[in-house]
Amino acid sequence: MTSPALRWIALLLLCAAYLQGGLNKAMDFDAALAEMNHFGMSPAGPLAVAVIVLELGASALVLIGRLRWLGALALAGFTLMATFVALRFWQMPTGPERFMAANSFFEHLGLVGGFLLVAWHDLKERAHV
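Remember, it's a predicted structure, so these values are computed and weren't measured experimentally. (Residues numbered from 1 in each chain as written. Predicted model: local features only at pLDDT ≥ 70, side-chain atom pairs only at ≥ 80, totals over all residues. Heavy atoms only, no water.)

**A word on the packing of helix 1 (residues 4-27) against helix 3 (residues 44-64)**
The geometry of helix 1 relative to helix 3 is characterised by a closest axis approach of 8 Å and an angle of 160° between their N-to-C directions. When the axes of helix 1 and helix 3 are compared, the pair comes out roughly antiparallel. Helix-helix and strand crossings are classified by hand; for helix 1 and helix 3 the assignment is left-handed. Facing Trp8, Leu11, Leu12, Cys15, Tyr18, Leu19, Gly21, Gly22, Leu23, Lys25 and Ala26 of helix 1, the residues of helix 3 in contact are Val51, Ile52, Glu55, Leu56, Ser59, Val62 and Leu63. (Axes fitted to C-alpha atoms, helices over the stretch in contact; angles between N-to-C directions. Helix = DSSP H or I, 4+ residues; strand = E, 2+ residues; numbered from the N terminus. Parallel < 35°, antiparallel > 145°, perpendicular 65-115°, else oblique. Left-handed = near helix turned anticlockwise from the far one by under 90°. Contact = heavy atoms within 4.5 Å.)

Dropping the structure here:
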């Protein structure tokens, strides 16, 4: 369970949503702008570019292992912020949409925890080198 290949696959799986999201936004910038506008984020253009760069750049740092801790912390912070912007289940009426938003909210908190663990392990490894 400690093989470098398995570790890299685990990191790839952790970053998969950010790679997919960043690539989709880059390939369909109009949809990225619509997403920013949907959540009231302004100015939509620069923020969409910043999200694309963050999702792809931080994922790359995690995957290549250079400044992995920084990439992981960036994705943790981004995910936490985006979760509180996009998944305000407590403001929704009771029903299936609220149920799904609540599930997604806590799943995203799990991603934040995973990225914090990646950063912690990376910093711990660097301290022992």
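**Considering the packing of aromatic side chains**
Remark: the centre distance and the inter-plane angle together describe each pair of aromatic rings, the angle taken between the planes. Scanning all chains against the criterion turns up 8 aromatic pairs. With 5.2 Å between their ring centres and 90° between their planes, phenylalanine 84 and phenylalanine 105 make a pair best called edge-to-face. One end of the pair, phenylalanine 84, is in helix 4 (residues 68-86); the other, phenylalanine 105, is in helix 5 (residues 96-127), with 21 residues separating them in the sequence. Phenylalanine 84 gets classed as partly exposed once you look at its relative accessible area, which sits at 39%. Overall, the relative accessible area of 6% leaves phenylalanine 105 in the buried class. Between the aromatic rings of tryptophan 90 and phenylalanine 105, the centroid separation amounts to 5.6 Å while the plane-to-plane angle is 90°, which identifies the pairing as edge-to-face. With tryptophan 90 in the loop between helix 4 and helix 5 and phenylalanine 105 in helix 5, this pair connects stretches of sequence that are 15 residues apart. Taken together, the aromatic side chains of Phe84, Phe89, Trp90, Phe105 and Phe106 make up a single cluster linked through ring pairs. (Phe/Tyr/Trp six-rings, centres within 6.5 Å; stacked < 30°, edge-to-face > 60°. Buried < 20%, exposed > 50% of the residue type's maximum accessible area, 1.4 Å probe, protein only.)

**A word on the nonpolar core**
Residues Cys15, Val62, Ala72, Leu75 and Phe115 are the most contacted members of the largest nonpolar core, which totals 21 residues. Elements represented by at least two residues in this core include exactly helix 1, helix 2 (29-38), helix 3, helix 4 and helix 5. In terms of residue count, helix 3 provides more of this core than any other element does, 6 residues in total. In contact with cysteine 15, not counting residues within four places along its chain, are Ser59, Val62, Leu75 and Phe115. Membership of the second largest hydrophobic core comes to 5 residues, among which are Leu87, Ala101, Ala102 and Phe105. (Core = buried A, V, L, I, M, F, W, Y, C linked by side-chain atoms within 4.5 Å.)

**Description of the pattern of salt bridges**
Evaluation of the coordinates by the stated rule reveals 4 salt bridges. With a shortest N-O distance of 3.6 Å, glutamate 35 and lysine 25 are connected by a salt bridge. With glutamate 35 in helix 2 and lysine 25 in helix 1, the pair connects residues that are 10 residues apart, well separated along the chain. A salt bridge links glutamate 55 to lysine 25; the shortest N-O distance between them is 3.4 Å. With a gap of 30 residues between them, glutamate 55 in helix 3 and lysine 25 in helix 1 connect regions that are remote in the sequence. Note on accessibility: glutamate 55 and lysine 25 belong to one class, buried. What you see here is one network of salt bridges that share partners, running through Lys25, Glu35 and Glu55. (Salt bridge = Lys/Arg side-chain N within 4 Å of Asp/Glu carboxyl O.)

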